[in-house]
Amino acid sequence: MSAKPFPQLSTEQEKELTTNLLQWTLGNGLVMYPPNFETYQANTAPITLFPTPIPKTSFIRAQEVQKLFNELYINVITKDKNWFLSILEDLSKHDADFTGKLFEVYKKSTKLQPLSLGLFRSDYMVHQDTNEIKQIEFNTVSVSFGGLSTKIGQLHQYLNGTGQYDDKYNYKYYDDDDEIPVSTSITDLAQGLADGNLHYHNGENKKSTVVLFIVQPNERNCFDQRHIEYALFNNHGIRSVRLTLEEVGENVTVSQDKLYIKSTMDEVSVVYYRSGYAPSDYDINPEKTWDARLLLENTLAIKCPSVLTQLSGTKKVQQLLTKKDVVSKFLPNASEEELSKILSTFVAIYSLDEADDDSKQAIELAFQTPEKFVLKPQREGGGNNIYKENIPPFLEKLDKKDWGAYILMELINPPLHKNKIIRNNEIYHEDIISELGVFGTTLFNEETGEILTNKNAGWLLRSKFSTSNEGGVAAGFGCVDNIYLY
Ligand code: ADP
Ligand code: MG
């Protein structure tokens, strides 16, 4: 099947659609704060006018493998702890300033609470020639845009349902739920946090405890988080409190290993990190922020994620998992079909660690055909990668012993689509490429490996100009989109 073209509207119609779209976003919270904002003023988030085509088979495959991926990462953390810890030990040497510091927190922690909550997101691009989904990365901390993703699905359904994608009459251009479904990520991610609250109380449904959101100061993307907070309250009656890492020390108190908000003495059941994934989150005030991380880790509150779960999302683990024997070792109960589905999502990823046998070949590839690769450090949050012909000079400037801190990944070639992106008052009509994220939630025991819940939790489509390498929405390169399945 081939995709229908994007709706073709006259200038007049597009103008009207744009007004309606902008007002819908402000009316329904598909918004972000602008730089240097005032609390009362939010702007429409950067979004697409139309949904972007994604092959249905690719989308289904991405949904199918999510619970397997959740399980895979849980098992990496729990099934062979010595192996995992030795990898982290090694990475800590290469990246002492960040991975090393996180690992330090793990080593110093009392490990009182064995339950760990994961709100994960696996990111993919569709490979142009085969329509196969290929994994960009697996995120185990601070996954964002689950809030705005539901909202843009609702917006696109509204525009379609009111006939605004039709150029003559008021027909629906797309078939609602079949072609442009809405992501359930708001409800599902809130449900994930509620699962954490439930198991904090050993399965008793209590609303007396709160979820502590650890956020960045002056967070521009706070509405994305707020939608989850509102669903947590509306659907489960569970309240939430927001603190930055820097504020933690002065605003919480610990009694008999339980974590409380000082001003109200509300007990915290779940600490949900929407900060703490990048060095800049700590650099603000290293002593206070790192102390805060350790303080929270050392309580009975369930962490989403624990330091160890966060570290399972390092690019090095992703690289090691591209090997079939490693995947089957960590998914001993998966069928051949399940294994082949998960393996089909991997592109080649190489270690540049000289101790590694395959690395010699990888280093050659990096210098001979850099246009086929992206070089990634052990970092999250965008803006860190080195692309194509920039790779050789970058490596040459580094000390060889530091190459082990990087992985070399084959570039995925996604199809181009000429959708329209609206950012502030400007509409851009350029080739875009899209990245599909699939959310999953899981609650598991880090000591025993027992998995208490394992669920799919909706999706996210982000798009960016094909000319830009990075795809961060908050960073200003990309936009929130939704799927049109064909
Ligand atoms: P981060 O942890 O900073 O989000 P990612 O691994 O997600 O790092 O890379 C950032 C962006 O770079 C992705 O969103 C994607 O647009 C692009 N990218 C990363 N890896 C690849 C790849 N193998 N092929 C094509 N683009 C990629
Ligand atoms: Mg990413």
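Note that this is a predicted model, so its numbers are computed, not measured.

Engineer: Sorry, what's going on with the side chain of Lys376 here?
Structural biologist: As for its placement among the helices and strands, Lys376 is situated in strand β14 (residues 373–377). An unpaired buried charge is present at Lys376: no salt bridge exists, and Glu137, the closest side chain of opposite charge, is 5.9 Å distant. Each residue touching Lys376, except ones within four places of it in the same chain, is listed here: Ile136, Lys315, Asn385, Ala405, Tyr406, Ile407 and Met409.

Engineer: Explain the packing of aromatic side chains here, please?
Structural biologist: Note on aromatic pairs: each is described by the distance of the centres and the angle between the planes. Evaluation of the coordinates by the stated rule reveals 24 aromatic pairs. The interplanar angle of 50° and the centroid separation of 5.3 Å between the aromatic rings of Tyr169 and Tyr171 together place this pair among those described as tilted. The exposed category is assigned to Tyr169, whose relative accessible area is 52%. A residue is classified by how much of its surface remains accessible, and Tyr171, at 54% relative accessible area, is exposed. Here the aromatic rings of Phe394 and Tyr406 are separated by 5.5 Å at their centres, their planes lie at 75°, and the arrangement is edge-to-face. Residue Phe394 is located in helix α18 (residues 391–397), and its partner Tyr406 is located in strand β16 (residues 406–410); the two are separated by twelve residues in the primary sequence.

Engineer: For this particular structure, what's the right way to read the UniProt feature "domain: Glutathione synthase substrate-binding" (unreviewed entry) in the protein chain?
Structural biologist: Sequence positions flagged by UniProt for "domain: Glutathione synthase substrate-binding" (unreviewed entry) are, in local numbering, residues 209–312. For residues 209–312, the helix share is 42%, the strand share is 30%, and the end-to-end C-alpha distance is 28 Å.

Engineer: Help me understand the pairing of strand β5 (residues 115–126) in this model?
Structural biologist: Every regular strand shows the same layout, with side chains that alternate between the two sheet faces. Among the twelve residues that make up β5, twelve are buried, leaving the element largely enclosed by the rest of the structure. Here β5 shows a buried face lined by Leu115, Leu117, Leu119, Arg121, Asp123 and Met125 and a second buried face lined by Ser116, Gly118, Phe120, Ser122, Tyr124 and Val126. Examined bridge by bridge, β5 and strand β19 (residues 432–445) share ten bridges and lie antiparallel to one another. Counted as the bridge partner of Phe120 is Gly440 from β19. Here six bridges tie β5 to strand β6 (residues 133–139), and the two strands are oriented antiparallel to one another. The partner of Met125 across the bridge, within β6, is Lys134. Between β5 and the antiparallel strand that follows it, β6, lie six residues; Asn131 among them carries a positive phi value of about 65°.

Engineer: I would appreciate a short explanation of helix α1 (residues 11–28) in the present structure.
Structural biologist: Turn by turn, an α-helix covers 3.6 residues, leaving residues three or four places apart pointing in a common direction. For α1, built from 18 residues, the straight-helix expectation of 26 Å at 1.5 Å per residue is met to within 8% by its first-to-last C-alpha distance of 25 Å. On its buried face, α1 is in contact with β1 (31–32), β2 (43–44), β3 (47–48), α6 (146–161), β17 (420–423) and β18 (426–429). Immediately beyond the C-terminal end of α1, within one or two residues, lies Gly29, with a positive phi of roughly 80°.

Engineer: Hey, could you run me through the site of ligand 1 in this one?
Structural biologist: Taken together, 20 residues surround ligand 1, and among them Lys376, Gly382, Tyr387, Glu435 and Lys464 come closest. Measuring from an oxygen atom of ligand 1, one finds a backbone N or O atom of Arg379 at 3.5 Å. For ligand 1, an oxygen atom lies 2.7 Å from a polar atom in the side chain of Lys464. Surface burial for ligand 1 is 94%, taken as the share of its 550 Å² of free accessible area covered by protein chains. At the level of secondary structure, the elements contributing two or more residues to the shell around ligand 1 comprise β6, β14 and β16. Of the residues assigned to the shell around ligand 1, the class counts are seven nonpolar, four polar and nine charged. Here the shell around ligand 1 gathers at least three residues from each of two domains, domain 1 (37–347 + 412–485) and domain 2 (348–411).

Engineer: Hey, could you run me through the sheet that holds β14 in this one?
Structural biologist: Where strands meet in a sheet, backbone hydrogen bonds hold them as pairs that are either parallel or antiparallel. Spatial ordering of the open sheet is given by β13-β16-β14-β15, a layout of four strands whose pairing is antiparallel. Each end of this open sheet is capped by a strand with a single partner; those strands are β13 (349–351) and β15 (386–387). Sheet analysis places β14 next to β15, joined by two bridges and oriented antiparallel. Looking across to β15, one finds that Val374 is bridged to Tyr387. Of the strands in this sheet, β13, β14 and β16 are in contact with helix α17 (residues 359–368), which crosses β13 at around 115°.

Engineer: Quick question: what am I supposed to make of the domain arrangement of the protein chain here?
Structural biologist: Reports of interface size often rely on the accessible area that becomes lost once the parts have come together. In terms of domains, the protein chain is made up of domain 1 (37–347 + 412–485) and domain 2 (348–411). One C-alpha centre belongs to domain 1, the other to domain 2; they are set 26 Å apart. If you look at the interface, domain 1 gives 27 residues, while domain 2 gives 26 residues. Taking both sides of the interface into account, the surface hidden between domain 1 and domain 2 amounts to around 2,200 Å²; carbon and sulfur atoms contribute 50%. Where domain 1 packs against domain 2, one counts one salt bridge. When the shortest N-O distance is used, the salt bridge between Asp95 and Arg379 registers 2.9 Å. Taken together, domain 1 and domain 2 are joined by eight residue pairs in polar contact (both at pLDDT 80 or more). Looking at the side of domain 1 that touches domain 2, the elements that each hand over two or more residues are α4 (81–94), β6 and α14 (315–320). Classifying every residue of the side of domain 1 that touches domain 2 by side-chain character gives nine nonpolar, eleven polar and seven charged.

About the criteria used
- Residues numbered from 1 in each chain as written.
- Chains lettered and ligands numbered in written order.
- Predicted model: local features only at pLDDT ≥ 70, side-chain atom pairs only at ≥ 80, totals over all residues.
- Heavy atoms only, no water.
- Helix = DSSP H or I, 4+ residues; strand = E, 2+ residues; numbered from the N terminus.
- Buried < 20%, exposed > 50% of the residue type's maximum accessible area, 1.4 Å probe, protein only.
- Lys, Arg positive; Asp, Glu negative; His and termini not counted.
- Salt bridge = Lys/Arg side-chain N within 4 Å of Asp/Glu carboxyl O.
- Contact = heavy atoms within 4.5 Å.
- Phe/Tyr/Trp six-rings, centres within 6.5 Å; stacked < 30°, edge-to-face > 60°.
- UniProt positions renumbered as here; feature names shortened; annotations may be inferred.
- Pairing = 2+ DSSP bridges.
- Expected span 1.5 Å × (residues − 1).
- Near = heavy atom within 4 Å.
- Polar contact = N/O pair within 3.5 Å; in protein donor to acceptor, adjacent residues only side chain to side chain.
- Areas by Shrake-Rupley, 256 points an atom, 1.4 Å probe, with all protein chains shown as cover.
- Nonpolar A, V, L, I, M, F, W, Y, C, P; charged D, E, K, R; others polar.
- Domains from an automatic or database assignment.
- Axes fitted to C-alpha atoms, helices over the stretch in contact; angles between N-to-C directions.
- Buried area = accessible area lost by both parts, 1.4 Å probe.

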